[in-house]
Structures are given as C-alpha cells and as structure tokens.
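Listed below, chain by chain, are the residues.
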Amino acid sequence: MSFVFTKKNTLKIQELKKSYPKKKALILPLLWMVQKQDNFISEAAMKKVADITEQSYIHIYGVVTFYTMFRLNKPEKKIIEVCRTLSCELNGSEDIKAYLDYNYSNEYEILEVECMGACSGAPMCTLNGKYMENVTKEELTRVLK
Amino acid sequence: MIKKIVSKNFDIKDSFKIDVALKNERYSSLASVFEKTPLEITEIITLSGLRGKGGGGASAGCKWSLLDEYSGTKYLVVNADESEPGTFKDRRILSHDPHLLIEGIIATCYAIKSHISYIYVRGEYEEFSDILQIAIDEAYDRDYLGKNAKYLVDIVVHRGAGAYICGEKSALIESLEGNRGYPRLKPNKISPEMFFGDATLVNNVETIASVPYILKNGAKAYRKYGTPDSPGTMLFSVSGNVNTPGIYEVPFGVSMLEYINKLGGGIKGGKKLKAVIPGGASTPVLPADIVKYSSLDYENLRDNGSALGTGGMIVLDEDVCMVKALKNLLRFYHHESCGQCTPCREGTSWSDKILDKFVDKTATQKDLDILRSISISMNGKTICVFAPAASSVIDGFLKHFESEFLECIQ
C-alpha cells in the first residue's frame, strides 16, 4: 500500500517548506496532515514523510511514537477523552469516566488523558477533539444520544 | 484587587476579531515601537522588570539581550505548549485576544532583530490554535505581518502532538526541529536556545502578551503594580475545590488567601481549606497555615518553601485525601517523563507504583523509605528540571502531610 497526499495538501506542503529553514522541521506538520487525511499514520505514510523531509523512516517512526496524539492504528470508534489530572479528579472525573465506560463503551473509545488546560471547567472531556467543560452525566447523555 | 493589563479585552464580545481588537487598542503600541531602536526597546523591557511567565520567572529583558552578540538569522519561538496541571491562562490569550499576542510578537521580533516567529501550540489546543491562525491571517491582510508591514515579521503556528515535556524550552526546540521532544544538556554559561544552530528566544505566551502594555505606557507604569522584585501583574488562575474557578489578573504580592476567597469564591460547600498547590502541579504543596501568610510573588513563595511557577493554583479542601492527591500527580509525572534520563524514567515510574500501595493501605515503612530515596535520586541528577520538580512534589507532600502517609502503613 502506498500513501499519497491529496492535491490540496501537496500544495500546502510547498508553502510550508518556505516557512522553515530546514525540511526536517516539517515532520510534525506533515504527520498532522497525514493523520487528518487518513485518521491514522501508516507505515507507507511515514515513508512518504521520510522522503519529503529527507530523513530515515526509523527517525519518523521514532517521532511518531514519542507523541501521544499520533496514532499508528485507525480508531474503530469515535473518541472521548476524559481528563484525569488533579483539578478534574477533585471535581468528579472518576465518576464521569465510570459513567461513560458503563454506558457508552460500545459506541465510543473512552480514554483517560492528562491535564488538558481546562482546569476551571473541571471535570472536562473532549468529544472528537472538541472541548466540553463542566460536564455532567445529564449533559453527556444529551450530547451522546 | 483585579488589575487588567493582559486580560483587558477578555470579556469583550468577539475580541479575537481584528476589527474589534483594533477598536480596543490592539496594535496601538507599534507606532512608538518603530520610532525607537531595538536596543531601546529591550532596555524598556529590562527596566520594567518583566519576568518570564511560563514558570521560570527569569528577567525577560536579560533573556532578550542574550541574542545581541549573535549575528545571522534569529528566531522568536512563543511557547504555547501549556500543559502544567492547574494552568490554563495562555489558552485564554490564544482564544480571546490573539491580536495582543501578535502585537507582542511584532514588537519582540523588532527588538531582537528577528523576522520570523513560531508559535508552538500544544496539540490538544486545536480549536484555539485555529482561532489564532485566523487572527494571524487577518493581521497579514491588514499588513501588520508579512512583506508589506512596516517591519517584516512572519508568524507560523506549529502544532505539538501531546507531550508535556515539550514545554521545556530546549525540548520544544527539539520538537520544532522534527525530533522526539528530549530536553538538551544545558550549556555551561547562560546563552540563548539554538534552532538549527541559530540564536533563538523562547518566551511564554503571557510574557509576550505583556510586552505591548509596557512599550505603550513605559517601564514605570508597569512597575506601579506588584512588588519591587516581582513587578507588574500576572494571570493567576485558580481551580480545584473552589466556587468560582477561573483566571483573574492581579498584581504580584496579593495575599493568596484573599485571592482564593474573594476571586475564587471561597471553598466549595463551605468547607475548610486544607492546602494549596500554588503554581501548577510542579510546585510543592502548601498547607493552610502557610497559605495564610503567603502572597502571590516569586520571593514570598520561595521563602515559604514553594514557588510561584505558572500561577495556577489548585485548591484542596479539608476532605481531600493527600495520599490520593499525590498519587494523581505522580501518575502524571510517570506518564509524562520523556524517558531520556534513567533517574527520571525509573523514579517517576516506581514512585507512582509505590503510591498505589499507600492508596490501598498495604504499604510498609520500607515503602516510605524507598519513596524518600527515589525523591533524592531524582533531584539534580537529570538533564532537565522535570525530575527535580517531581521530587519536590513528593517532598512537599511528605513534609506537610506525613501523618496521612503513616496512616496508610500496615
């Protein structure tokens, strides 16, 4: 299987090259582009990124596996991330996680994440990357129905 | 108590749009900036006493001056990798007043003779970096940025991908260069960061956002607020067991208890205060009896055995189990250690595991001794300050709340 950037993305890459002194700096932006396009990062895509940035495949693989937001596998379900760090825990994140696990784990992949920078809206979670703050079971039931 | 300098436009509707921003003073400092020399600008910032607001608190002006002796391309990197638990102020600037940040970037680039700036935004902040990107596009359209501007500055938003450690400035540069985010060994003398071998200034979002006010009103106007050693204001934030968590900008030196009671709305449910983690998770916890005489400035908190950090307070009420709270934080450090240095990789992992025993009440005296020895082994023996921070967190909890840990020992 090979990986091809869309036409729009190929043009974007040409623009991006002008923004950085070296091609190597394009690695993170390109990996994001791949993940947006395919919803995960395949071996073929990593090879493509390696070609464009003139780096080895293994370097790209090393980068992908360092960052928690990059995915090597296609997610089968939509993702809910529940923040579990202190301010959220103090405001009931454990209950929210348990509630989601019990009611929605068939339709959603429910993950725990570390501080998302929304502590004043604790407990918080994200639904497909979008922030939801001061979440309650009632609100989740309404949104996830 | 509130003094709005950086947060002035936060409550204005659509403040992120350029027309609204222009009506509310954004970009108004630039005319006077370009009348001065870059050196004069740096001097104003040095005189103002502005200190880095990402946690370190180093003098911003001194940091800018470090780039003077370097010729060739220079870079400004804005650190928006805000991930310190309890901290959420930079996000508000990105989403509510991005033009203030852009204005600050233009002035800072002029001062350090740089023509390009990267804003490294944590990956999770996608919605907010999108708002920022729109603001940047608007600024290009109005010729505040780009080749038709009075002073050429290009801004590139660079998305991180989920790594707390990339908030450490050298790790951030590594990440920007397309590497794993491993912090670099520190040079033996104070020097700027190097992005692909060129001198680079790395400053926090709030630091850069404080620049326009100072340049417009002068160093003295900024020093009117705060204390002699911690001048100006800061976007302090409060979360945890309080009634009205949020971001409230106050001058340095304000009483911590007053801040929590008046702005944070007091403790939820009318409970008593037990402790405060004063400046993001990495600063040692302070029990209520020390909080009583603590004030929000670098010197006071240092003298009281903690640190101001990012100014993100996490408030704990009387019912919070300190063993469980420490477990929560150590799990965070375990998860976020980059794994480069052995004392940190192993220390954060084992201390997290040992805490499980305390939570389950199956710990022994030996476990407590091991926890203490891990803390010693993490302090001062690693490349960056991540492990020493984890170590000071453990020490803080054991120093002030040892009895709760002893209760968990069989």
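What you see is a predicted model; the values in this text were computed from it and never measured.

This paragraph deals with the environment of B:L50. All names here are of chain B. Here L50 shows up in the loop between α3 (38-48) and α4 (60-65). A residue is classified by how much of its surface remains accessible, and L50, at 0% relative accessible area, is buried. When the C-alpha atoms of L50 and G61 are compared, they prove to be 7.2 Å apart, with eleven residues separating the residues in sequence. Every residue in contact with L50, bar those within four places of it in the chain, is listed here: I45, A58, S59, A60, G61, T207, S210, V211, I214 and Y222.

To continue, consider the domain arrangement of chain A. Looking at chain A, the domain boundaries give domain 1 (7-66) and domain 2 (78-144). One C-alpha centre belongs to domain 1 of chain A, the other to domain 2 of chain A, and the line joining them spans 31 Å.

For the rest of this paragraph, the subject is the nonpolar core. Judged by nonpolar contacts, the single largest core of 84 residues is most densely connected at A:Y67, B:F358 and B:F397. What A:Y67 contacts, discounting residues up to four positions off in sequence, is A:L28, B:Y120, B:A161, B:G162, B:A163, B:C166, B:S175, B:N179, B:R180 and B:G181. Counting 66 residues, the second-largest nonpolar core is a separate cluster that includes B:V121, B:A135, B:L201 and B:V205.

This brings us to the domain arrangement of chain B. Residue and element names in this part refer to chain B. When the domains of chain B are assigned, the result is domain 1 (18-223), domain 2 (234-317) and domain 3 (322-406). Its C-alpha centre places domain 1 at a distance of 27 Å from the equivalent point of domain 2. Tallying the contact residues gives 16 residues for domain 1 and 18 residues for domain 2. Counting each side, the surface lost to burial between domain 1 and domain 2 is near 1,300 Å², with a carbon and sulfur contribution of 61%. Residues E299 and R51 are paired through a salt bridge, measuring 3.0 Å at the closest nitrogen-oxygen approach. The interface formed by domain 1 and domain 2 holds eight residue pairs in polar contact (both at pLDDT 80 or more) in total. Looking at the side of domain 1 that touches domain 2, the element that brings in the most residues is helix α5 (residues 89-96), giving three residues. Broken down by class, the residue content of the side of domain 1 that touches domain 2 amounts to four nonpolar, six polar and six charged.

Below, the discussion takes up the packing of aromatic side chains. A full pass over the atoms with the stated rule returns 30 aromatic pairs over all chains. Taking 5.4 Å as the distance between ring centres and 80 degrees as the angle between the ring planes, the aromatic pair formed by B:F332 and B:Y333 counts as edge-to-face. By relative accessible area, which is 1% here, B:F332 ends up buried. For B:Y333, a relative accessible area of 0% translates into the label buried. Feature note: the residues A:Y20, B:Y75, B:Y118, B:F195 and B:F196 constitute an aromatic cluster, connected by ring pairs. A cation over a ring is seen here: A:K47 above A:Y57, with NZ or CZ 5.6 Å from the ring centre. Across the ring face of A:W32, the terminal group of B:R159 is positioned such that the distance to the ring centre comes to 3.6 Å.

With that out of the way, let us pick up the packing of α5(B) against helix α9 (residues 205-217) of chain B. All names here are of chain B. Two elements in contact, α5 and α9, have axes separated by 9 Å at closest approach and are oriented at 55 degrees. With respect to α9, the element α5 is oriented oblique. Contacts between α5 and α9 involve K89, D90, I93 and L94 from the former and V205, E206 and A209 from the latter.

Criteria and cut-off values
Residues numbered from 1 in each chain as written. Chains lettered and ligands numbered in written order. Predicted model: local features only at pLDDT ≥ 70, side-chain atom pairs only at ≥ 80, totals over all residues. Heavy atoms only, no water. Helix = DSSP H or I, 4+ residues; strand = E, 2+ residues; numbered from the N terminus. Buried < 20%, exposed > 50% of the residue type's maximum accessible area, 1.4 Å probe, protein only. Contact = heavy atoms within 4.5 Å. Domains from an automatic or database assignment. Core = buried A, V, L, I, M, F, W, Y, C linked by side-chain atoms within 4.5 Å. Buried area = accessible area lost by both parts, 1.4 Å probe. Salt bridge = Lys/Arg side-chain N within 4 Å of Asp/Glu carboxyl O. Polar contact = N/O pair within 3.5 Å; in protein donor to acceptor, adjacent residues only side chain to side chain. Nonpolar A, V, L, I, M, F, W, Y, C, P; charged D, E, K, R; others polar. Phe/Tyr/Trp six-rings, centres within 6.5 Å; stacked < 30°, edge-to-face > 60°. Lys NZ or Arg CZ within 6 Å of the ring centre and 35° of its normal. Axes fitted to C-alpha atoms, helices over the stretch in contact; angles between N-to-C directions. Parallel < 35°, antiparallel > 145°, perpendicular 65-115°, else oblique.

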